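Breakdown of the fold
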Amino acid sequence: MFITLETDYAVRIVSELCKDPVKMDAKTVSERAGVTLRFALKILRKLVAEGIVRSYKGTQGGYEINISPKDITLKMVIEAIEGTYCFSRCLAPDGVCNRDMSGKCSYQKAFCEITKVVREKLDEYTFDKFIDNSEGNA
């Protein structure tokens, strides 16, 4: 299992916006993150919709981080792109367990615990720590 390429790019985009907290045009964001402009715009729309990034329209428009990097978690960015993380589709709000029609799936408890652990761990990683580490390694 891997996160999607879109999510990987979203992490890069948020990292770039956190490193240089000034308004940037989409072209600059895409170049710095190594993402095509078209894909970056799609991702930026999702990040704006979740309030992680702020957008400005017009000739002086652009994008900037909307939340302090210390308050942005990996979970926030991943879920802005992918939706709420669940280890199995059967745990999703609209999910249905097709293993056990009685509603007592023996795997569901394990999948629930795994989901909880992963979500908690993703919440521990904040972008200020990533920036501090990347700048120290530059």
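Residues numbered from 1 in each chain as written. Predicted model: local features only at pLDDT ≥ 70, side-chain atom pairs only at ≥ 80, totals over all residues. Heavy atoms only, no water.

Things to note about the pattern of salt bridges
- Enumeration over the complete set of coordinates arrives at 11 salt bridges.
- Its salt-bridge partner being Glu16, residue Lys19 comes within 3.3 Å of it at the nearest N-O pair. A residue pair is termed a helical-turn pair when its members lie 3 or 4 positions apart in one helix, as Lys19 and Glu16 do in helix H1 (residues 5-19) at three residues.
- Among the residues examined, Lys19 registers a relative accessible area of 36% and is labelled partly exposed. (Salt bridge = Lys/Arg side-chain N within 4 Å of Asp/Glu carboxyl O. Helix = DSSP H or I, 4+ residues; strand = E, 2+ residues; numbered from the N terminus. Buried < 20%, exposed > 50% of the residue type's maximum accessible area, 1.4 Å probe, protein only.)

Digging into the packing of helix H4 (residues 74-82) against helix H5 (residues 108-124)
- Taken N-terminus to C-terminus, the directions of H4 and H5 make an angle of 115 degrees; their axes are 6 Å apart at the nearest point. Judged by residue contacts, Leu74, Lys75, Ile78 and Glu79 of H4 engage Arg119, Leu122 and Asp123 from H5.
- Split into classes, the residues belonging to the contact of H4 with H5 amount to three nonpolar, no polar and four charged. (Axes fitted to C-alpha atoms, helices over the stretch in contact; angles between N-to-C directions. Contact = heavy atoms within 4.5 Å. Nonpolar A, V, L, I, M, F, W, Y, C, P; charged D, E, K, R; others polar.)

Notes on the pairing of strand S2 (residues 62-65)
- Residues Gly62 and Glu64 line one face of S2 and the alternating positions Tyr63 and Ile65 line the opposite face, and both faces are buried.
- One ladder, built from four bridges, connects strand S1 (residues 53-56) with S2; its direction is antiparallel. Each bridged residue has a counterpart across the sheet, and for Ser55 the counterpart in S2 is Tyr63.
- Here S1 folds back onto S2 in antiparallel fashion, the turn holding five residues, of which Gly58 has a positive phi close to 100 degrees. (Pairing = 2+ DSSP bridges.)

Let's talk about H4
- Within H4, seven of the nine residues are buried, which leaves it mostly tucked inside the rest of the structure.
- Of the residues making up H4, those classed as buried are Leu74, Lys75, Val77, Ile78, Glu79, Ala80 and Ile81.
- Gly83 occupies a position one or two residues after H4 and carries a positive phi of about 95 degrees.

Things to note about the packing of aromatic side chains
- Tallied over the entire structure, the rule returns five aromatic pairs.
- An angle of 10 degrees between the planes, with centres 6.3 Å apart, marks the rings of Tyr125 and Phe130 as stacked.
- A residue is classified by how much of its surface remains accessible, and Phe130, at 30% relative accessible area, is partly exposed.
- Here Lys23 stacks its cationic end above the ring of Tyr56, 4.8 Å away from the centre of that ring. (Phe/Tyr/Trp six-rings, centres within 6.5 Å; stacked < 30°, edge-to-face > 60°. Lys NZ or Arg CZ within 6 Å of the ring centre and 35° of its normal.)

What to know about the nonpolar core
- Counting residues in hydrophobic clusters, the biggest one holds 29 residues, and the most contacted among them are Ile13, Val14, Leu47, Ile52 and Val77.
- Those elements giving two or more residues to this core turn out to be H1, helix H2 (26-33), helix H3 (37-49), S2, H4 and helix H6 (127-136).
- Here this core takes seven residues from H1, the largest share from any one element.
- Contact partners of Ile13, with chain neighbours within four places excluded, come to Val29, Ala33, Val35, Ala40, Ile43, Leu44 and Leu47. (Core = buried A, V, L, I, M, F, W, Y, C linked by side-chain atoms within 4.5 Å.)

Quick look at the side chain of Thr7
- Looking at the element boundaries, Thr7 is found in helix H1.
- Among the polar contacts listed, one links the side chain of Thr7 to the side chain of Glu82, at a separation of 2.3 Å.
- Ignoring sequence-local partners within four residues, the contact set of Thr7 consists of Ile78, Ile81 and Glu82. (Polar contact = N/O pair within 3.5 Å; in protein donor to acceptor, adjacent residues only side chain to side chain.)

Overview of H2
- Within H2 the residues assigned to the buried category are Ala26, Val29, Ser30 and Ala33. Down the axis of H2, the buried side of the element spans an arc of 95 degrees, and every buried residue falls inside it.
- The inward-facing, buried residues of H2 abut H1, H3 and S2.
- Backbone nitrogen of Lys27 and a side-chain oxygen of the N-cap are separated by 3.0 Å at the start of H2; the cap is Asp25.
- Downstream of H2 by a residue or two, Gly34 has a phi angle that is positive, lying close to 70 degrees. (Arc of directions from axis to C-beta.)

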